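# Structural features, examined
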Amino acid sequence: MDQAPHQMREGLYALQPLVWPQPIHPVQGLTLRRQGAVDLAPGMLTFGPGGYLRLNTAYNIFPLGKWRRLCGLRDLRLVLRGTGLLTLSIKGETRDRPFAERHDLRLAGVVEVLLTDLPADVEILHLSFRCADQATLTEVTWATTDAPKRLPRLALSITTYHREAQVARTIARFVRETQGDHLRLIVVDNGQTLTAPDHPRIRLVPNRNLGGAGGFARGMAEARAEGASHCLFMDDDAALDFASVDRIWTFLAHVTDPRTAIAGALTSAEQPTELWENGAVFRGHFQPLARGLDLAVPADLLKAELLSTPVPTNFYGGFWCYAFPLDHVTHAPFPFFVRGDDTSFCIANGFSNVTLPGVLCYQDVDFSEKETSLTLYLDLRSNLIHLVTLPRQSLRLWRAVILPARFFGRCLMQHQTDSMAALNRAVEDFRAGPGFVEAEPDLASRRADLAAARRVELWTPSTNVPAPRQRFNPHSRLQRLALALTLNGLLAPGFGRWGDRVVLSQKQRGVVRFAWGAAEITYVSTDGGRVMQIRQNKPEALRQSLRMAWNLMRLVAAFPRLRRVWARGYTRMTRPEWWENQR
């Protein structure tokens, strides 16, 4: 085996070096917690009397339980570099009780601290340093003498479409923050507008615009052609610390099961330390894991990490950061265009999934703010296809009826008639079978149809936001029940004249609670420059409701046939040769 990139000296390998604060981190509390006389300079911490440093942070806790179970870790030690006297506290978190041990250190260069008596049930380790006089720290690394089981060749695959500035920043960071031929970057350019960078580890691949699914399928094929052993799918803005990529590579090098895949967490755009999801599951609908936990709060961080094991059935990771072994891919991404390709790919391939602390991405805009009639069409269509193609889906027929009804009911309560029409189209396209997907994987005509059909859910310049008028309390359970019986005023005579007029933020679009009692809803964009005004339209809502009822009855009647034809179509369209024919 060649020399490992993470080898520190003969027989010693770095598992997790200290992650220092970087501009990409929204707050320093995700990496270090300083108290008192602790000064931070690039690559150095300087302690004065009483200085206290804690590393119980999102990037610097060590998941000992996962390393033991999944990598068979036997030897663990700390490698420290610095000067002066420091008291080191090593704390362990279990599901039942904490653990701690203390070491008084005299640093004059490099010191190794052997960790030989750690309890078997410790899940998480974290460190703190206290100084009584003067000291410095320049290195803190969790290390092992256990040799790696493989040296992965990891290809990072980014799919982009007309986001030249974001990709340029990601490429610059890749060049600046990564080293070694074990990491390569493939940029799949669906817009065919980028200029190839002059760098031996970066390759630009112009590609037909088949959405994220087509771009990732092409990136995976190119990674194979380059001889990569693993592929890491990433978003084009790649808002993650490249130290996370090193962490992924190291875990893949030591993990016992060669089918292991690593899923990155995602934080909220509005609260960038708050988890949007730490992976998710599909059980007839999407269920994010650990949503709302704040990674800057130690108790929430611990809870998120403990919740990540064991990995639930039908777990999947988002393609903003998902690393997997190419030799164990049995299905390429399905041509959803966008929305749902990551769910399908992860579950269908049966990888051994894991999440790691410090492997996380930052959203620029929350998914709730991206919602349109098109995204609802894509979400519902992909959900229905998942139900009939993915393994371990219970109550398939029941869920195939309930799922569209829930999507539709949410839009009905908010008077979103454009979205109601799009959801009807999603059910109709699902009932038509996989032929439409196969004939038009770029979804061009359907995207054009849905865009042309938008009459109500349109953003316009913010010139005059109407004054709110409120008679109902949307937070009253009794009033919500009464309004539900009238389908939020749809069955109430004259409701359009006397119902509430509410003004909501863009991120509240899709949240039914704020719309209860409203006959008119004005959404204001995040930047305040645009508005979307929606008024109750009873005739159109009734027409779309009858259309959905008819669609669902026909879906029930055709469901056994739909399961068969979609299963055959899924198998056919997730073969590598199918994607090769689409170039």
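Note that the structure is predicted; figures quoted are calculated from it, not measured.

The next subject is the packing of helix α7 (residues 373-389) against helix α9 (residues 417-431). Contact geometry of α7 with α9 gives a least axis separation of 8 Å together with a crossing angle of 30°. As judged from the angle between their axes, α7 and α9 are roughly parallel. Along this stretch, α7 crosses α9, giving a crossing that reads as right-handed. Here S373, L376, Y377, L380, R381, L384, I385 and V388 of α7 lie close against α9, whose contacting residues are D418, S419, A422, L423, R425, A426, V427, D429 and F430.

If you look at soluble globular proteins, the nonpolar side chains tend to sit buried side by side. Judged by nonpolar contacts, the single largest core of 80 residues is most densely connected at Y322, F324, F345 and W566. Broken down by element, this core gets its largest block of residues, 11 residues, from helix α14 (residues 538-573). Setting aside residues up to four positions removed in sequence, F345 forms contacts with M220, F233, F319, Y322, F324, V329, H331, A332, P333 and F351. Within the second largest apolar cluster, 67 residues are counted, among which are V38, L107, L115 and C361.

In the structure shown here, the tally under the stated rule is 3 cavities of 30 Å³ or more. Roughly 130 Å³ of internal volume is contained in the largest cavity. Around the largest cavity sit 14 residues that line it, and N278, L295, L356, P357 and G358 are the ones nearest its centre. For the lining of the largest cavity, the elements supplying multiple residues, two or more each, are α5 (298-307) and β21 (352-362). Looking at side-chain class alone, the lining of the largest cavity contains 11 nonpolar, 2 polar and 1 charged residues. Counted as a void, the second largest cavity has a volume near 40 Å³. If you go around the second largest cavity, the residues you meet are Q16, P17, L18, L55, N60, L127, V140 and W142. Among the secondary structure elements, those contributing two or more residues to the lining of the second largest cavity are β2 (12-17) and β10 (135-144). For the lining of the second largest cavity, a count of residues per class yields 6 nonpolar, 2 polar and no charged.

What follows deals with helix α1 (residues 64-71). Here α1 has its buried residues at L64, G65, K66, W67 and C71. G72, located one to two residues past α1, shows a positive phi value of around 65°.

Moving on, we get to the side chain of H6. Within the fold, H6 resides in the segment before β1 (7-9). Residue classification places H6 among the buried positions, given a relative accessible area of 8%. Setting aside residues up to four positions removed in sequence, H6 forms contacts with L12, Y13, A14, P148, W249, T250 and H254.

Turning our attention to the packing of α9 against α14. Closest axis-to-axis distance for the α9/α14 pair is 7 Å, and the angle between their directions is 20°. Our classification of the angle between α9 and α14 gives roughly parallel. Crossing handedness for the pair α9 and α14: left-handed. Along the contact surface, α9 presents T417, M420, A421, L423, N424, R425, V427, E428, D429, F430 and R431, while α14 presents E540, A541, Q544, R547, M548, N551, R554, L555, R561, L562 and W566. Split into classes, the residues belonging to the contact of α9 with α14 amount to 10 nonpolar, 4 polar and 8 charged.

Right, let's get into the layout of surface pockets. Here the second largest pocket defines a volume of roughly 810 Å³. In terms of lining residues, the second largest pocket is bounded by 29 residues, among which P17, E177, F242, A243 and D246 are the most central. Ranked by residue count, the leading element in the lining of the second largest pocket is helix α4 (residues 242-254), at 6 residues. Residue classes in the lining of the second largest pocket are distributed as 15 nonpolar, 10 polar and 4 charged.

The next thing to look at is the sheet that holds strand β25 (residues 530-535). The strands making up a sheet associate through backbone hydrogen bonding, with each pair oriented either parallel or antiparallel. One open sheet holds the 4 strands; their spatial order is β22-β25-β24-β23, and the pairing between them is mixed. Edge positions in the sheet fall to β22 (460-461) and β23 (500-505), since each has one partner strand and no second. Sheet topology note: the β22/β25 ladder contains 2 bridges and is antiparallel. Bridging across to β25, T460 finds its partner in V531.

Rules and cut-offs
- Residues numbered from 1 in each chain as written.
- Predicted model: local features only at pLDDT ≥ 70, side-chain atom pairs only at ≥ 80, totals over all residues.
- Heavy atoms only, no water.
- Axes fitted to C-alpha atoms, helices over the stretch in contact; angles between N-to-C directions.
- Helix = DSSP H or I, 4+ residues; strand = E, 2+ residues; numbered from the N terminus.
- Parallel < 35°, antiparallel > 145°, perpendicular 65-115°, else oblique.
- Left-handed = near helix turned anticlockwise from the far one by under 90°.
- Contact = heavy atoms within 4.5 Å.
- Core = buried A, V, L, I, M, F, W, Y, C linked by side-chain atoms within 4.5 Å.
- Buried < 20%, exposed > 50% of the residue type's maximum accessible area, 1.4 Å probe, protein only.
- 1 Å grid on protein atoms, 1.4 Å probe; cavity = no way out; pocket = protein on both sides within 12 Å on 5 of 7 lines; lining within 4 Å.
- Points joined across faces, edges and corners; volume = space filled by probe spheres on them.
- Nonpolar A, V, L, I, M, F, W, Y, C, P; charged D, E, K, R; others polar.
- Pairing = 2+ DSSP bridges.

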